[in-house]
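Take a look at the letters that make up each chain.
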Amino acid sequence: MSDTISLPFTAASFNRLLGEHRLMAARCTRCNALFLPPRSLCPTCRQESLAWVELSGRGALAAFTVIYVGPSAMIAEGYTRENPYVTGIVALDEGPQISARILGLDARNPDLSWIGTRLTVEYLDRGEGDQRRTFLAFRVV
Ligand SMILES: [Zn+2]
């Protein structure tokens, strides 16, 4: 699953890899702890011996929020008070948790039974050329 990637363990690298539709974490090569977003130093080992590892992109919904008034980019996509969207914390199968858009749930009828819903990663490409950005999302399996 992993190959040698010579990028620093930063949020910028994480986003660049996301642009290649790869969900990557940093793994401490000593204690195997996983860091998402990546960090350049293992707080346990106090070592900079890290490696990029690709995650499965599978997990479960741990928490969620329905957003009625989003940032301008989301308003531009048509999300409003009448058409809200869901963001959440996804507990990945490999352990780390990450916040992301959640797709496939009816934001108009939020329900606590959503907790634990199985999800799989989806990459949302927005914009063109230099403005292109990839946003992390997860969709109900
Ligand atoms: Zn470590």
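Higher on the page you've got the structure.
Residues numbered from 1 in each chain as written. Predicted model: local features only at pLDDT ≥ 70, side-chain atom pairs only at ≥ 80, totals over all residues.

Visitor: Please provide a residue-by-residue account of the overall build of the chain, values included.
Guide: Helix and strand content of the chain: two helices and eight strands. The order of helices and strands in the chain, counted from the N terminus, is α-β-β-β-β-α-β-β-β-β. Considering only C-alpha atoms, the chain reaches an extent of 50 × 40 × 25 Å along its principal axes. Out of the 141 residues in the chain, the part that is buried amounts to 22%. (Helix = DSSP H or I, 4+ residues; strand = E, 2+ residues; numbered from the N terminus. Buried ≥ 20, exposed ≤ 12 C-beta atoms within 10 Å, placed from the backbone.)

Visitor: Quick rundown of the environment of G59? Include the residues and the values.
Guide: Structurally, G59 is set in strand β4 (residues 58–67). Given 25 C-beta atoms within a 10 Å radius, G59 is considered buried. Beyond its immediate stretch of four places on either side in the chain, G59 contacts V90, A91, L92, D93, L119 and F138. (Contact = placed C-beta atoms within 7 Å.)

Visitor: Please set out the sheet that holds strand β1 (residues 24–28) residue by residue, giving values where relevant.
Guide: Across the sheet, which stays open at both edges, the three strands sit in the order β2-β1-β3 with antiparallel pairing between neighbours. The sheet is open, and its two edges are formed by β2 (34–35) and β3 (50–54), each paired on a single side. Here β1 pairs with β2 via two bridges, running antiparallel. Across the sheet, residue R27 finds its bridge partner in β2, namely L34. (Pairing = 2+ DSSP bridges.)

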